[in-house]
Amino acid sequence: MESECPTETKKGKSKTPKKAKESILKQKSPAEFFAENKNIAGFDNPGKCLYTTVRELVENALDSAEAISELPVIEITIEEIVKSKFNSMIGLVDRERVDEELYDDYETAKAREKRLAKEARAQEIQAKNAALGKKVKEHAVSKSSKGRGEASFYRVTCRDNGRGMPHDDIPNMFGRVLSGTKYGLKQTRGKFGLGAKMALIWSKMSTGLPIEISSSMRGQNYLSFCRLDIDIHRNIPHIHLHEKRDNKDKWHGAEIQVVIEGNWTTYRSKISHYMRQMAVITPYAQFLFKFVSDAPDKNVTIKFARRTDVMPPVPVETKHHPSSVDILLIKRLIAETSKQNLMQFLQHEFVNIGKPLAERLIGEMGPEFSPKTAVKSLTDQQIVRIHQLFRQAKFDDPSGDCLSPAGEYNLRLGIIKELHPDMVATYSGSAQVFEGHPFIVEAGVSVGGKDVKQGLNIFRFANRIPLLFEQGGDVVTRTALKRISWNNYKINQTQDKIGVFVSIVSTKIPFKGTGKEYIGDDISEIASAVKSAIQQCCIQLKSKIVKKMQAREQQERKRNLSKYIPDATNAVYDVLKEMAKSHASKKKRYEEGDADILRKVSDHLITKETLYEKLTQHVEKVDYEMALEYATQTGVREEPREDIYLESLDDKGNFFDFHSPIFVFRLFL
């Protein structure tokens, strides 16, 4: 019997290996990319999404008001929306559970009985421990009874008195990612055109509801109303309603309303801290914050009043510094420039390049370059040559004229208004440069205050935005903790209530990470400027603290001297009486001056009362002379002083502001 050949296969069993599918090239719109990577824009979880939405809307509102030099009045409201109300908003009918076992929080009767028994035993143990005076640990809620919980929804509304938006631009300003008005080289709070658009994307992802915008510009007799969402895949606005309405109140500004999933409980403190710090850095703004819930006891209303009407100058757009450009940017500037030749291009498109320097640069580029070379005809190789020269040549640093720091006056007012410290010092540094971009560091250090914890309380700002996250790696935190010797300035780092405020403004803030939440500690120019600014504040405070200590010691000396006046009076008077008796009995004779005093003692012209009065006068005289010397040295007038703040006038006439580090003098014409 022949055996089957092992190499043969049964019919139909052989399979041809399948060819792998060819990869298909796909594209994503910017909106789709940020929807899938929303953490890049600070939308990490529902709580952070609520916080970031508030932050973005408030900062846009401030920018809008400051752009027209209008004192900002901003109202922000977070309204809690319960599940039944949310369902009615989207037209969804509530449905009772049919299959209980399907749900995450389902619990069998046996499991429930076991859980209740366990909780009862835990309560008995707690009661016994409490009776014995032992420390009682709070019983943790079992996992089965928690469940994941339901989503929480909130309507966030932000209203401002800014410049508003052109009617036709509103859809693209909110419904097209990476479109905006802040792309020039300029100090701005926002930069990427994401802010409110990310709130809209999150709204579409979590609730499916559109955003509503009301806006009117100065002098417009109509109000623009727009309801829209965003087509994620095509990155274009999907308009539900866009119309003009009557503007009877002649209001100008914008009101934005968006419904999103969020978590107020976990991020309540972050939102309140953000609003408080925003009030510190913008004391010229008025903020009204409200949280509205179905339960009245949960409602929150906080008003941050305006303290001054002096606003920082509006930041101006500037040109690029030669040392900060790359090849791609040079090509873009060439494509956009209106200048014809290389000489005009260099002078017009860059800062700190005048005609003499432009001629020298062109001469250094080589024989193929001349002042009249057509800039549009430059080859890629020639552009690389220009870039190489820009990196190697020496240029003057850019000035800080294009920047808009808060100013010492506003920073000081903000700190006093919100923290009520015992003493405060502020400092504003001169403009410095990092990679061709100017930056200014301002700092304030306070001691004491209301609602301030012991130790270092660090407040960080970048382009006048509070930074609340990633504090550990920030240059300000590391400098305050590791590079400042607080004891050298008579400040106790652990026991005193110390507030450290640092504000950095620049045309390009070198944020670390994607969330724009902290500035790294690896940039020596910024680290050095931050340290210097904090030290300057500490030097001012040391002078105040030393004088305060001297005054306290002086008061202590006066108190001690005054305490011993009665005993000293009795002792001196007893000695004088004994001396007077000896003088009267001629046992001992004294010189004429001393004899005259002793006669007065004998005749009761000098008594205990007169001695007590004279000693008291002497203590007062010594105290007064020391105080007068202190006042003379420090330039303080003798009468006590108190801070006063003048209310702003409603006069719309012309005036000039004369700025000082600690006050502003206004001269009306």
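Residues numbered from 1 in each chain as written. Predicted model: local features only at pLDDT ≥ 70, side-chain atom pairs only at ≥ 80, totals over all residues. Heavy atoms only, no water.

1. Observations concerning helix 7 (residues 195–206)
Residues that lie three or four places apart on an α-helix share one face, since the helix turns once every 3.6 residues. This is how the line gets drawn: For the purposes of this entry, the term helix denotes a DSSP run of H or I that reaches at least four residues, the term strand denotes a run of E that reaches at least two, and both are numbered from the N terminus. Here a helix's expected span is defined as the number of its residues, less one, multiplied by 1.5 Å. To sort residues, take the accessible area from a 1.4 Å probe on protein chains only and compare it with the maximum for the residue type: under 20% means buried, over 50% means exposed, and anything in between is partly exposed.
For helix 7, which comprises 12 residues, the first-to-last C-alpha distance of 17 Å matches the rise-based estimate of 16 Å (1.5 Å per residue) to within 8%. Where burial is concerned, most of helix 7 is hidden: 10 out of the 12 residues are buried. Here helix 7 has its buried residues at G195, A196, K197, M198, A199, L200, I201, W202, S203 and S206. Among the residues trailing helix 7, G208 stands out with phi positive, at a value near 75 degrees.

2. Comments concerning the pattern of salt bridges
Spelled out, the test is: Each salt bridge in this description consists of a side-chain nitrogen of Lys or Arg and a carboxyl oxygen of Asp or Glu lying within 4 Å of one another.
According to the stated counting rule, one finds 21 salt bridges in the structure shown. Note that E517 and R55 form a salt bridge whose closest N and O atoms lie 2.9 Å from each other. Of this pair, E517 sits in the loop between strand 15 (511–512) and strand 16 (518–519) while R55 is found in helix 2 (residues 46–67), placing the two residues 462 residues apart along the sequence. Taking relative accessible area as the criterion, E517 reaches 6% and is therefore assigned buried. Of the charged contacts in the structure, one is a salt bridge between E212 and R227, with a shortest N-O distance of 2.9 Å. Taken together, the positions of E212 in strand 3 (residues 211–216) and R227 in strand 4 (residues 222–231) put the pair 15 residues apart, joining distant regions of the chain. For E212, a relative accessible area of 24% translates into the label partly exposed.

3. A look at the side chain of R55
To be explicit about the condition: Any two residues having at least one pair of non-hydrogen atoms within 4.5 Å are treated as being in contact.
Given a relative accessible area of 7%, R55 falls into the buried group. Not counting residues up to four positions away in its chain, the partners in contact with R55 are Y274, I465, P466, K516 and E517.

4. Section: the sheet that holds strand 8 (residues 300–304)
Selection criterion: The pairing criterion is simple: DSSP has to find at least two bridges between the two strands. A fitted line through C-alpha atoms represents every axis, and for helices the fit uses only the stretch in contact; the resulting angles, taken between N-to-C directions, go from 0 to 180 degrees.
Strand order in the open sheet made by the eight strands is 5-4-3-6-2-1-7-8, with mixed pairing throughout. Edge positions in the sheet fall to strand 5 (236–246) and strand 8, since each of these pairs with one other strand and no more. Pairwise comparison of adjacent strand axes, ignoring direction, gives a mean angle of 15 degrees for this sheet. Alignment of strand 4 against strand 5, held across 10 bridges, turns out to be antiparallel.

5. Some points on the nonpolar core
Rules: Definition used in this section: a nonpolar core is a set of buried Ala, Val, Leu, Ile, Met, Phe, Trp, Tyr and Cys residues joined via side-chain atoms within 4.5 Å. Segmentation into domains, and thus their bounds, comes from an automatic or database assignment.
Residues I78, F174, W264 and F287 are the most contacted members of the largest nonpolar core, which totals 65 residues. Tallying contributions element by element places helix 8 (residues 264–281) first for this core, with nine residues. Built from parts of two domains, this core gets at least three residues from each of domain 1 (30–88 + 150–304) and domain 3 (420–538). When residues no more than four places from it in sequence are discounted, the contact partners of I78 are L50, V54, Y154, R155, W264, I271, F289, K290, F291 and V292. Listed in part, the 35 residues of the second largest apolar core include F439, V445, A480 and V500.

6. What to know about the confidence of the model for the protein
Short version of the rule: Per residue, pLDDT captures the predictor's confidence, and it can take any value from 0 to 100.
When pLDDT is averaged along the protein, the result is 82; 84% of the residues meet or exceed 70. Within the model, the stretch residues 634–647 combines pLDDT values under 50 with eight contacts to residues more than four positions away or in other chains.

7. A few points about unusual backbone geometry
Even without being a glycine, S69 presents a positive backbone phi close to 55 degrees. Residue placement: S69 occurs in the loop between helix 2 and strand 1 (73–81). Here E435, not a glycine, exhibits a phi torsion of approximately 50 degrees, which is positive. For E435, the location among the structural elements is in the loop between strand 10 (432–434) and strand 11 (437–447).

8. Points about the environment of K614
Along the chain, K614 turns up in helix 18 (residues 608–634). Taking the C-alpha atoms as reference points, K614 and I565, 49 residues apart in sequence, are found 9.9 Å from one another.

9. Some points on the side chain of S206
Note the threshold: Distance and chemistry together define a polar contact, namely a pair of N or O atoms within 3.5 Å, with one atom able to donate a hydrogen and the other to accept it when in protein, and with adjacent residues in sequence counting only for side-chain atoms on both sides.
When you line up the elements, S206 lands in helix 7. Its relative accessible area of 16% is what places S206 among the buried residues. A polar contact of 2.7 Å, which involves the side chain of S206, links it to the backbone oxygen of W202. Once you skip the residues sitting within four places of it in the chain, S206 turns out to touch F153, I260 and E261.

10. Quick look at the pairing of strand 4
Where burial is concerned, most of strand 4 is hidden: seven out of the 10 residues are buried. Pairing between strand 3 and strand 4: five bridges, direction antiparallel. Counterpart to S214 in the pairing with strand 4 is F225. Adjacent in sequence and paired antiparallel, strand 3 and strand 4 are bridged by five residues, among which G219 carries a positive phi angle near 85 degrees.

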